[in-house]
Amino acid sequence: MPHAAAGLLRPTADGHPTSFIYLSSRSGVDRRSRTRTMTLNSPPPERGQLKITNSIKLLFALACTAGVLINYNNAIMEGAGASTKSTNKLEIPPPKESHNYIEELMYKYKSDKSRDDHSYVKLYNMIFANIRHSVTNITEIGISHGQSIQAWFRYFPHAEIHGFDKYPPKGVVQNNLDLLKERVHTHIVDILQQNITMADLGFIPESMDIIIDDGPHSASSQETFLQKLFPCLKPGGYYIIEDIGITGRGNGVSKFHDDPSKLQQATRDILEGHDTIWVDTAIGHRAWEEWLRRVGSKWARDTTHHNSYMVVIQKRTDPLREPYQMHYNDAAMRVEGVVVEDGSDT
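I will try to describe carefully the structure that is included in this document.

About the criteria used
- For every chain, the first residue of the written sequence is number 1, and numbering continues from 1 along that sequence.
- In keeping with the model being predicted, local features are shown solely for residues with a pLDDT of at least 70 and side-chain atom pairs are shown and tallied solely at 80 or more, while totals for entire chains, interfaces and linings include all residues.
- Computation of side-chain values covers all heavy atoms of the structure but excludes hydrogens and water.
- A helix here means a DSSP run of H or I that spans at least four residues, while a strand means a run of E at least two residues long, and both kinds are numbered starting from the N terminus.
- Note on classification: 1.4 Å probe, protein chains only; a residue is buried when its accessible area is under 20% of the maximum for its type, exposed when over 50%, partly exposed between these limits.
- What sets the accessible areas is the Shrake-Rupley method with a 1.4 Å probe; for residues, cover comes only from the shown protein chains.
- Axis definition: a line fitted to C-alpha atoms, over the contacting stretch in the case of helices. Angles run 0 to 180 degrees between N-to-C directions.
- In this scheme the crossing of two helices becomes right-handed for a clockwise turn of the near helix relative to the far one and left-handed for an anticlockwise turn of less than a right angle.
- Whether two residues are in contact is decided by their heavy atoms: any pair within 4.5 Å suffices.
- By the convention adopted, Pro, Cys, Tyr, Trp, Phe, Met, Ile, Leu, Val and Ala count as nonpolar, Lys, Arg, Asp and Glu as charged, and the other residues, Gly among them, as polar.
- When DSSP finds at least two bridges between two strands, those strands are taken to pair.
- Note on handedness: a crossover is taken as right-handed if, strands pointing away from the viewer, the path from the first strand over the helix to the second is clockwise.
- Every case where a carboxyl oxygen of Asp or Glu lies within 4 Å of a side-chain nitrogen of Lys or Arg is listed as a salt bridge.
- By definition, the arc is the one covered by directions from the helix axis to the C-beta atoms.

### A closer look at the overall build of the chain
Argument step 1. When helices and strands are tallied, the chain shows nine helices and twelve strands.
Argument step 2. Residue burial in the chain is summarised as follows: out of 346 residues, 37% are buried.
Argument step 3. Carbon and sulfur atoms form 53% of the exposed surface of the chain, whose accessible area is close to 20,700 Å².

Rendered as C-alpha cells:
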C-alpha cells in the first residue's frame with residue numbers, strides 16, 4: 001500500500017492558519033499513531049489577503065473525517081484585492097480491507113486453511129495482520145494445488161514467496177503459478193533427502209520472515225523440516241507446523257504435545273530455546289460435525305483427537321536467561337515474594 005497523507009489547516013484564535021496537522025499512514029502502521037504538528041513560518045495575511053472561511057475549514061474537516069485524501073496544492077496568495085487561484089485534487093482511496101483479510105483470501109482461493117476448515121486463518125490473522133506489509137520472504141512446504149500460495153501472494157504484497165514440493169504442479173495449477181512468477185518461486189525437490197541442504201538450494205541463514213510446514217504431515221518429516229529450515233528463519237520470524245496428526249506415522253500429537261521426550265534432541269533444542277506454543281484451532285469451529293464427516297475418522301474423531309493442531313515458534317532475538325527461574329510454590333502469590341516499589345521506572 002503506498003504512503004498516504006492527509007493534511008488539515010488549523011487556524012489560531014484570530015482565524016489565521018498557523019499550523020498543519022500531518023497524518024501519516026505507512027504499511028502496517030496505524031495512521032493515528034503517526035501524528036505530527038508542523039508550524040508554518042509565513043506571517044498572517046494582511047487586510048485584503050486570503051482568509052480561510054468557515055466553510056473551507058468545515059470542508060477540510062469533513063473530508064478528513066470521511067477518509068478522503070486531500071492534496072491542497074498551488075495555493076497562490078497575491079496582493080491586496082487580488083483573486084486567489086488554487087488547485088484542489090480529491091482522490092478517493094480504494095475500499096478499506098477487512099481486518100480479517102486473510103480469512104477472505106482463503107475463502108476466495110478455497111484453501112483448507114479457511115475459517116470453516118482447519119481454521120488456521122484465526123491464528124494467521126492474529127500474528128500476521130500487523131506485519132504483512134513488512135514481510136519480504138515467506139516459505140511454504142507443500143504446494144499441492146497452489147491455493148494457499150495464491151492467497152499469500154495477495155496477503156503479503158511485498159514478499160518473495162517460495163513453495164517447496166517434490167511433485168511438480170500441473171495444468172491449471174502450473175498456469176496460475178506462472179502468472180504469479182513475479183514473486184512466486186517454486187522449488188521441485190525433496191528436501192527430506194539427507195544429502196540436500198538449504199545452502200545447496202541458495203537459501204542463506206536468517207533470510208526468511210515466515211516458514212510454514214504444510215508438507216506430508218508425518219511427525220518424522222515435521223522434525224526434519226524444522227531442523228533443516230529453522231536456521232533460515234530471521235530472529236523474530238515465525239516457524240509454523242500445520243496439521244499435527246493423530247494416526248500412524250503422522251501421530252505428531254503424541255510427540256510434540258503428549259511426550260516431547262520422544263522427539264529428537266535437535267528438535268527439542270529448538271522448541272525449548274525459542275518461544276513455542278501449541279495451538280488448537282478447532283476451538284470455536286462453527287460446523288464441527290460437518291468437518292468431522294468430511295475429513296473422516298482417520299484424521300479427526302472428536303474435539304480432542306484431530307489434526308487441526310499447530311506448533312508455532314517465534315525465533316528469539318535474545319537467548320533465554322540462564323539458569324531457569326521458576327516462581328510457583330516459591331515466591332509467586334506470596335507476600336514475601338512481592339517486590340517493593342521504590343518509585344523508580346525500572
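### Let's talk about the packing of helix 2 (residues 101-108) against helix 3 (residues 120-128)
Argument step 1. Running from amino to carboxyl end, helix 2 crosses helix 3 at an angle of 145 degrees, the nearest separation of the two axes being 8 Å. As for how helix 2 packs across helix 3, the hand of that crossing is right-handed. Facing Ile102, Glu103 and Met106 of helix 2, the residues of helix 3 in contact are Val121, Tyr124 and Asn125.
Argument step 2. Partitioning the contact of helix 2 with helix 3 into residue classes produces four nonpolar, one polar and one charged.

### Notes on the pairing of strand 10 (residues 233-244)
Argument step 1. With nine of its twelve residues buried, strand 10 lies for the most part within the structure.
Argument step 2. With five bridges joining them, strand 9 (residues 208-213) and strand 10 adopt parallel strand pairing. Across the sheet, Ile211 pairs through a bridge with Tyr239, a residue of strand 10.
Argument step 3. What joins strand 9 to strand 10 is helix 6 (residues 219-229), and the crossover it makes is right-handed.
Argument step 4. For strand 10 and strand 12 (residues 309-314), the ladder comprises five bridges, and the chain directions are antiparallel. Within the sheet, the bridge partner assigned to Tyr238 lies in strand 12 and is Gln314.

### Regarding the pattern of salt bridges
Argument step 1. Within this structure, the stated rule accounts for nine salt bridges.
Argument step 2. Taking the shortest distance from any N to any O, the salt bridge between Arg293 and Glu290 comes out at 2.6 Å. Taken together, the residues span about one helical turn, with Arg293 and Glu290 both in helix 9 (residues 288-295) at a distance of three residues.
Argument step 3. Look at Arg293 and you get exposed, because its relative accessible area is 58%.
Argument step 4. Notably, a salt bridge pairs Glu290 with Arg294, separated by 2.8 Å at the nearest N-O pair. In this pair, Glu290 and Arg294 are both assigned in helix 9, four residues apart and thus about one turn of the helix distant.
Argument step 5. Put simply, Lys113, Glu140, Asp214 and Glu242 are held in one network by salt bridges that share partners.

### A word on helix 2
Argument step 1. The complete set of buried residues in helix 2 reads Tyr101, Ile102, Leu105 and Met106. Down the axis, helix 2 shows its buried residues gathered within 130 degrees of arc, on one side only.
Argument step 2. Considering only its buried residues, helix 2 is in contact with helix 3 and helix 4 (147-155).
Argument step 3. Looking one or two residues past helix 2, Lys110 carries a phi angle of roughly 60 degrees, positive in sign.

### Details of helix 9
The periodicity of an α-helix, 3.6 residues per turn, causes residues three or four positions apart to be oriented the same way.
Argument step 1. Listed as buried for helix 9 are Trp288, Trp291 and Leu292. With its buried residues spanning 100 degrees around the axis, helix 9 presents them on a single face. In helix 9, the exposed positions that point more than 90 degrees away from the buried face belong to Glu289, Arg293 and Arg294.
Argument step 2. Just downstream of helix 9 lies Gly296, where phi reads positive at about 85 degrees.

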